[in-house]
Amino acid sequence: MAKKTIKKEEVSVEDKLKSLFNLQQVDSQIDEISKLRGELPLEVEDLEDEVAGLQTRIAKYEAELKENASDIAAKKNEIEECNALIEKYTKQQNNVRNNREFNALSKEIEFKELEIQLAEKHIKEFSANEVMKKDTLKTAKAQLKDKMSMLKEKKAELKAVVSETEKEEKKLAKDSETLLNELDEYLSIAYKRIRNGARNGLAVVSVNRDACGGCFNKIPPQRQLDIRARKKIIVCEHCGRILVDKYINDIDNTQELKDIEAAKTKKKRTTRRKKA
Ligand SMILES: [Zn+2]
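Residues numbered from 1 in each chain as written. Predicted model: local features only at pLDDT ≥ 70, side-chain atom pairs only at ≥ 80, totals over all residues. Heavy atoms only, no water.

1. Describing the pairing of strand 1 (residues 204-208)
By the criterion of burial, strand 1 is predominantly enclosed, with four of the five residues buried. Two elements, strand 1 and strand 4 (residues 242-244), share three bridges in a ladder whose sense is parallel. Note that in strand 4 the partner of Val-205 across the bridge is Leu-243. By the bridge criterion, two bridges tie strand 1 to strand 2 (residues 211-212) in an arrangement that is antiparallel. Opposite Asn-208, over in strand 2, you have Ala-211 as the bridge partner. (Buried < 20%, exposed > 50% of the residue type's maximum accessible area, 1.4 Å probe, protein only. Helix = DSSP H or I, 4+ residues; strand = E, 2+ residues; numbered from the N terminus. Pairing = 2+ DSSP bridges.)

2. Examining unusual backbone geometry
The backbone of Asp-210 sits at a positive phi, close to 65 degrees, despite the residue not being glycine. Among the residues examined, Asp-210 registers a relative accessible area of 41% and is labelled partly exposed. Phi is positive for Phe-216, which is not a glycine, with a value near 65 degrees. Residue placement: Phe-216 occurs in the loop between strand 2 and helix 5 (221-229). Assessed through its relative accessible area of 63%, Phe-216 is described here as exposed.

3. Some remarks on the coordination of the zinc ion
Within the protein, Cys-212 (SG), Cys-215 (SG), Cys-236 (SG) and Cys-239 (SG) serve as the donor atoms for the zinc ion, at 2.2 to 2.3 Å. By relative accessible area, Cys-212 is classed as buried at 0%. (Donors = N, O, S within 2.8 Å, 3.2 Å for Na, K, Ca; no water.)

4. Quick notes on the environment of Val-96
Its place among the elements puts Val-96 in the loop between helix 2 (40-93) and helix 3 (99-182). When sequence neighbours within four positions are dropped, the list of residues in contact with Val-96 reads Glu-101, Phe-102 and Leu-105. (Contact = heavy atoms within 4.5 Å.)

5. A word on the packing of helix 1 (residues 13-37) against helix 3
Between helix 1 and helix 3, whose axes approach to 9 Å, the crossing angle comes to 165 degrees. Between helix 1 and helix 3, the interaxial angle falls into the category roughly antiparallel. Between helix 1 and helix 3 lies a crossing of left-handed hand. Residue classes in the contact of helix 1 with helix 3 are distributed as 12 nonpolar, five polar and six charged. (Axes fitted to C-alpha atoms, helices over the stretch in contact; angles between N-to-C directions. Parallel < 35°, antiparallel > 145°, perpendicular 65-115°, else oblique. Left-handed = near helix turned anticlockwise from the far one by under 90°. Nonpolar A, V, L, I, M, F, W, Y, C, P; charged D, E, K, R; others polar.)

6. Things to note about the nonpolar core
Formed by 19 residues in total, the largest nonpolar core has its most connected members in Leu-20, Leu-23, Leu-183, Tyr-191, Val-204, Ile-242 and Val-244. Elements with a minimum of two residues in this core: helix 1, helix 3, helix 4 (185-197) and strand 4. Counting 13 residues, the second largest nonpolar core, distinct from the first, contains Tyr-61, Leu-65, Leu-137 and Leu-144. (Core = buried A, V, L, I, M, F, W, Y, C linked by side-chain atoms within 4.5 Å.)

7. Thoughts on the side chain of Gln-224
With respect to the helices, strands and loops of the structure, Gln-224 is situated in helix 5. Overall, the relative accessible area of 18% leaves Gln-224 in the buried class. A polar contact is formed between the side chain of Gln-224 and the backbone oxygen of Ile-219, at a distance of 2.9 Å. If sequence neighbours within four positions are ignored, Gln-224 has contacts with Val-207, Asp-210 and Ile-219. (Polar contact = N/O pair within 3.5 Å; in protein donor to acceptor, adjacent residues only side chain to side chain.)

8. Considering the packing of helix 2 against helix 3
Orientation of helix 2 relative to helix 3, taken along the N-to-C sense of each, is 165 degrees, at an axis distance of 6 Å. Judged on the interaxial angle alone, helix 3 and helix 2 are roughly antiparallel. Crossing hand, helix 2 versus helix 3: left-handed. When its residues are assigned to classes, the contact of helix 2 with helix 3 shows 31 nonpolar, 12 polar and 23 charged.

9. Focus: the pattern of salt bridges
Under the definition given, this model contains 19 salt bridges. Between Arg-230 and Glu-14 there is a salt bridge, and its shortest N-O distance comes to 2.7 Å. Of this pair, Arg-230 sits in the loop between helix 5 and strand 3 (234-235) while Glu-14 sits in helix 1, placing them 216 residues apart in sequence. A salt bridge links Lys-16 to Asp-184; the shortest N-O distance between them is 2.9 Å. Of the two residues, Lys-16 sits in helix 1 while Asp-184 sits in the loop between helix 3 and helix 4, which places them 168 residues apart along the sequence. (Salt bridge = Lys/Arg side-chain N within 4 Å of Asp/Glu carboxyl O.)

Geometry only, nothing functional implied.
Laid out in structure tokens, this is it:
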């Protein structure tokens, strides 16, 4: 395509309207392609979030289990130390000089035995905790496996759909960008704003059966004439969409002339009938 050398200010309103209309056509085609994909991109995104969440949880459980194991090892160590001391005190009891010394050692031994009991109680608790955590970890790992295989499937599905339309979509995206860049800045901003606000992605609509093609509200005859004159950019007073007449994209105005001719003939016939 030959590059336009005229400045943006020199572009007539009619040409601006045509550009807007063309841009809308291209963007609507892009919307159609997106519709084909349906919920797939969202489903993939959700699954990716779930997988990431599960991976974080699994890492947390694994760290907790490691800590639990080291707690158990520490308590076992404590028991060993207590046993060694008990052995030592028992031996010392054979070499005491009096009852007082013997009793003192007995107290120490008793105390160490209590410590052992307490450590054993803790080990029991940690072990129960370990069983529970291992179970939770197992469930999470199974869930992760499921979600990952679902994600793989959905990604493959999406890839297949995308590859079918990829080429076309790239071309359309490029066309859309080119057309948008050709517009005045205020128009391109307005276009984007209206399009984003419209549920069906339509920012530029034509007048059909005397109504706005976006919201279907009636358009007064004078306003319709203004739209057909293509001298101003006119928006729908109900929905704010940019309005164009339905012949905007005709290369020649043959159809328009035919329609006008047909309307005239119809009018003549009615008038004649009235006279009769
Ligand atoms: Zn409207």
